[in-house]
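# What the coordinates show
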Amino acid sequence: PWRRGHVELRQPDGTLTTWTEIEAPGRATFLSLETSVDLWAVGRGTRAQSFAGVHDGDRFVLPATPAIVLQLPKALSLPAAPLALLVRAERVHPADVEFETYDDVDIEEALVRDGGSVRLEQSWPGDYALSWFVRRADTGVEFPVTQAERQTVSIPDTAVAPLVQARLTREELARAVLEAGG
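Described in the following lines is the structure provided in the data block. What you see is a predicted model; the values in this text were computed from it and never measured.

Right, let's talk about the nonpolar core for a bit. Core analysis: the biggest nonpolar cluster contains 33 residues, and Leu70, Leu85, Leu120, Trp132 and Val134 have the highest contact counts within it. Counting residues per element, the ones that place at least two in this core are β3 (37-43), β5 (67-71), β6 (83-93), β8 (117-121), β9 (126-136), β11 (152-155) and α2 (170-179).

Here's what the structure looks like:
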């Protein structure tokens, strides 16, 4: 089942209405005066998809989300607990997509794991600018990693997530760790 996400009904004129969060175990409930509806759906770990002629009780299978695996430079050490390193992506191209998704609901959080790798998922393939953060697990406060130039990556529409070397320096990370109290 989906791990969160949302659906929106598509009206005959193309406008989207009735924003509904998908809850465990992958269910969304809404009322409609029509016998069938058209909608967009997206779940964590899945790509956004349009469905037409949906009836009560229909089940959907969404394709896997486009993703890459970022690998930190070997010279970089992860911050010690309670600090954690995470990355977010901001879409650069295409500028517009058919259906907007919401990072806090539709996208799995990208925390760097032991070994220095992180799977970065997005609901649409394209080019994305990366932003890195150091988070205090005890407070949830995030501290941005200031970089001279943000790295832009291409996230392809493929079944296998390619490995991409992250451009993050020891000095850039150290400044954010120090600011976070580490």
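Having put the structure on the table, let's press on.
What follows covers the sheet that holds β3. Spatially, β2-β1-β3-β4 is the arrangement adopted by the four strands of the open sheet, whose pairing is antiparallel. Whereas interior strands pair on both sides, the edge strands pair on one side only; in this sheet they are β2 (16-21) and β4 (49-54). Averaged over all adjacent pairs, the angle separating strand axes in this sheet is 25°, with direction ignored. Sheet topology places strand β1 (residues 5-10) next to β3; six bridges connect them, and they run antiparallel. Bridging from a neighbouring strand, Leu9 pairs with Leu39 of β3.

All right, on to the sheet that holds β8 then. Strand order in the open sheet made by the three strands is β8-β5-β12, with mixed pairing throughout. The open sheet has two edge strands, β8 and β12 (163-165), and neither has a second partner. Each strand axis lies, on average, 35° off the axis of its neighbour in the sheet, ignoring direction. In the sheet, β5 pairs with β8 via five bridges, with the strands oriented antiparallel. Bridge pairing in β8 links Val69 to Arg119.

How each quantity is defined
- Residues numbered from 1 in each chain as written.
- Predicted model: local features only at pLDDT ≥ 70, side-chain atom pairs only at ≥ 80, totals over all residues.
- Heavy atoms only, no water.
- Core = buried A, V, L, I, M, F, W, Y, C linked by side-chain atoms within 4.5 Å.
- Buried < 20%, exposed > 50% of the residue type's maximum accessible area, 1.4 Å probe, protein only.
- Helix = DSSP H or I, 4+ residues; strand = E, 2+ residues; numbered from the N terminus.
- Pairing = 2+ DSSP bridges.
- Axes fitted to C-alpha atoms, helices over the stretch in contact; angles between N-to-C directions.

Note that every value here comes from positions in space, so none of it alone points to a role or purpose.
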